[in-house]
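# Descriptive structure summary
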Amino acid sequence: MEVKIHPEWKALLEKEFEKTYFKQITTSLKIEKTSGYTIYPPGALIFNAFDSTPPDKVKVVIIGQDPYHGPGQAHGLSFSVPDGIKPPPSLVNIFKEISADIGLSIPPGIGNLSHWAAQGVFLLNASLTVRAGDPMSHAALGWHLFTNRVIEILSEKKMHLVFLLWGKFAHQKQELIDETKHLVLKAAHPSPFSADKGFFGCKHFSKTNQYLVQHGITPIDWSL
């Protein structure tokens, strides 16, 4: 299958696209679609994070678990929703922490993080697809092999990235990252079930920018 993805990413990931596991992912998705399942995000947006943030632009990596599974929510950027879609609770809590950390208020009702992606915030979900109404339904499809390799490549080829790992699932990705070259910040997940167990007060947004500035990198404008 010809994967439509930003050419810089395509060059880095060409070998992965040729591997058996990736071909099995594409076959599985085709089977589900022909069986009548709705898959999120739409096909053209599966690699939106990659198209929005080419590898030479990446400064920060925020790792999500899998796409939102409700109608119209997923558009290929972790934690983000398209314009006109109500921000989910985890995203609302992210905005609360931004406000508490750096005093920046995000206007109500806005949840599209494309502005972050354009600045170099790579919004990567560990699984790039999900079945409608069925969270984690594609977790065993093989996507983790692919996205783990993406994290490894970024760690190997880049310098001074900030990896934001929220929740136990994301914490497992720490072993893929060379911490002699990059900053890893860990906290609880921003979900309402866990945000008060260490996400609120983590100050990851100010810490990210402090690290970037220390290494001569333009900080992120977290406004939307």
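For clarity, every value in this text was computed on a predicted model and none was experimentally measured.

## Here's the deal with the environment of Pro 192
Among the secondary structure elements, Pro 192 is positioned in the loop between strand S6 (183-187) and helix H8 (204-214). Pro 192 gets classed as exposed once you look at its relative accessible area, which sits at 51%. Taking the C-alpha atoms as reference points, Pro 192 and Ser 90, separated by 102 residues in sequence, lie 6.5 Å from one another. Non-local contacts of Pro 192, meaning those with residues more than four positions away in its chain, are made with Pro 89, Ser 90 and Asn 93.

## Overview of the sheet that holds strand S2 (residues 60-64)
Taken together, 4 strands build an open sheet; the order of strands is S3-S2-S5-S6 and the sheet is parallel. Strands with a single pairing partner mark the edges of an open sheet, and in this sheet they are strand S3 (121-125) and S6. Ignoring strand direction, the axes of neighbouring strands in this sheet form an average angle of 20 degrees. Across 5 bridges, S2 lies against S3 in parallel orientation. Paired with Gly 64 across the two strands is Asn 125, which belongs to S3. Along the sheet, helix H6 (residues 143-157) contacts S2, S3 and strand S5 (162-166); its crossing angle with S3, the most-contacted strand, is approximately 155 degrees.

## A word on the side chain of Thr 147
Tracing the sequence through the fold places Thr 147 in helix H6. The exposure class assigned to Thr 147 is buried, which follows from its relative accessible area of 1%.

## Some thoughts on the packing of aromatic side chains
Applying the stated rule across the entire model yields 21 aromatic pairs. Considering the side-chain rings of Phe 17 and Phe 22, the 5.0 Å spacing of their centres and the 65 degrees angle between planes classify their relative orientation as edge-to-face. In terms of burial, Phe 17 and Phe 22 fall into one category: buried. Here the aromatic rings of Phe 50 and Phe 146 are separated by 6.0 Å at their centres, their planes lie at 45 degrees, and the arrangement is tilted. Within this pair, whereas Phe 50 is found in helix H3 (residues 48-52), its partner Phe 146 is found in helix H6, the two being separated by 96 residues in sequence. Accessibility assignment for this pair places Phe 50 and Phe 146 in one class, buried. Taken together, the aromatic side chains of Trp 9, Phe 17, Tyr 21, Phe 22, Phe 47, Phe 50, Phe 122, Trp 143 and Phe 146 make up a single cluster linked through ring pairs.

## What about the nonpolar core?
Counting residues in each nonpolar core, the largest one holds 64 residues, and the members touching the most others are Phe 47, Phe 50, Ile 94, Trp 116, Phe 122, Trp 143 and Phe 146. Per-element accounting of this core gives the leading share, 6 residues, to H6.

What counts as what
Residues numbered from 1 in each chain as written. Predicted model: local features only at pLDDT ≥ 70, side-chain atom pairs only at ≥ 80, totals over all residues. Heavy atoms only, no water. Helix = DSSP H or I, 4+ residues; strand = E, 2+ residues; numbered from the N terminus. Buried < 20%, exposed > 50% of the residue type's maximum accessible area, 1.4 Å probe, protein only. Contact = heavy atoms within 4.5 Å. Pairing = 2+ DSSP bridges. Axes fitted to C-alpha atoms, helices over the stretch in contact; angles between N-to-C directions. Phe/Tyr/Trp six-rings, centres within 6.5 Å; stacked < 30°, edge-to-face > 60°. Core = buried A, V, L, I, M, F, W, Y, C linked by side-chain atoms within 4.5 Å.

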